[in-house]
Amino acid sequence: MNQLLLLTIIPLWVVVLLNVLLTIALIRKFNTQTDLGFPTIKPLKVGEKAPDFSAVTITNEAITQTAYEGKNVAFVFVSPHCGPCHDVLPVIESLKPQARQAQIELVFVSDSNLAETEAFAAEYGIQLPILSASQMDGNPFYNDYKVGGTPFYCLVQDGEIAGADFLLPNCENLAEHWQPTAKAHKSKLNLQPA
């Protein structure tokens with residue numbers, strides 16, 4: 001009887017030991033990832049050439065990066081299904097005069113299809129330009145600009161990345177790199193909503 005008990009306990013302890021080892025391995029792997037266990041997507045680097053892209057406007061017109069050549073543009077990546085995006089929309093809209101003064105064009109980029117993007121723009125009264133670049137339809141805009149989530153921005157100046165980051169917990173980082181081109185405004189812009 002003791003031998004039978006011993007023969008069943010030994011394999012049980014081997015299984016328990018393997019389970020502990022696998023758990024430790026998973027914890028170590030998890031610790032090298034982000035809090036959610038997904039690989040960290042590093043934003044585009046400052047000075048890197050802005051990737052080409054294609055999208056459609058809210059009026060269903062095809063648009064590519066060439067439409068923004070020679071312009072400074074802040075792409076604000078949002079999603080109709082993102083609660084924090086809804087919170088930052090009014091703040092971003094209120095930055096339009098400051099962006100214009102700094103000669104920066106603010107452009108929203110939605111990760112949804114055109115119908116959802118149109119509904120989103122109408123529901124929130126978005127006045128800034130908005131592009132639809134649906135990831136579900138295979139548009140690589142978000143991937144090429146290394147958008148790790150929304151709300152996110154990517155500032156392109158002179159065809160190069162001037163800044164890229166998440167817009168939370170506040171929107172101050174969106175315009176931290178804006179430098180007014182008018183000589184009378186040499187300091188950084190005040191980001192308080194108008």
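Structure shown above.
Per chain, the residues get numbers from 1 upward, laid out in the order the sequence is written. Restriction of local features to residues with pLDDT of at least 70 applies here, the model being predicted, together with a cutoff of 80 or more for giving and counting side-chain atom pairs; totals for whole chains, interfaces and linings are based on all residues. Side-chain numbers here rest on the full set of heavy atoms in the structure, without hydrogens or water.

S.K.: Would you mind going over the overall build of the chain in detail, with residue names and values included?
M.R.: Numbering goes from the N terminus for both helices and strands, where a helix is a DSSP run of H or I of at least four residues and a strand is a run of E of at least two. Each helix and strand counted, the chain has five helices and seven strands in total. Helices and strands in the chain line up, N terminus first, as α-β-β-β-α-α-β-α-β-α-β-β. For this analysis, residues touch if any pair of their heavy atoms sits within 4.5 Å. The long-range fraction of contacts in the chain, counting pairs at least 24 apart against all pairs at least 6 apart in sequence, stands at 61%. Surface exposure of the chain reaches about 11800 Å², of which carbon and sulfur atoms provide 59%. All accessibility values rest on the Shrake-Rupley procedure with a 1.4 Å probe; residue burial counts only the protein chains present in the view.

S.K.: Pulling in residues and values, what's your account of the pattern of salt bridges?
M.R.: Oppositely charged side chains can pair when the atoms bearing their charge come close. Basic side-chain nitrogens of Lys or Arg form a salt bridge, by our definition, when they fall within 4 Å of a carboxyl oxygen of Asp or Glu. This model, assessed by the stated rule, comprises one salt bridge. The shortest N-O distance in the salt bridge between glutamate 105 and lysine 71 comes to 3.9 Å. Taken together, the residues span a long stretch of sequence, with glutamate 105 in strand E4 (residues 104-110) and lysine 71 in the loop between strand E2 (62-64) and strand E3 (72-78) at a distance of 34 residues. Burial here depends on accessible area, computed with a 1.4 Å probe over protein chains only, as a share of the maximum for the residue type. Under 20% is buried, over 50% is exposed, and the range in between is partly exposed. Given a relative accessible area of 26%, glutamate 105 falls into the partly exposed group.

S.K.: Hey, could you go over the sheet that holds E3 for me, with residue numbers and the actual values?
M.R.: If DSSP finds at least two bridges between two strands, the strands pair. Taken in spatial order, the seven strands of this open sheet run E2-E1-E5-E4-E3-E6-E7, and their pairing is mixed. Bordering the open sheet on either side are E2 and strand E7 (160-166), each of which pairs with just one other strand. Across the sheet, the mean angle separating the axes of adjacent strands is 30 degrees when strand polarity is ignored. Note: E4 against strand E5 (residues 130-132), three bridges, orientation parallel. When the sheet's bridge partners are listed, valine 109 is paired in E5 with leucine 131. Interaxial angle, 0 to 180 degrees, is taken between N-to-C directions of lines fitted to C-alpha atoms, where a helix line uses only the stretch in contact.

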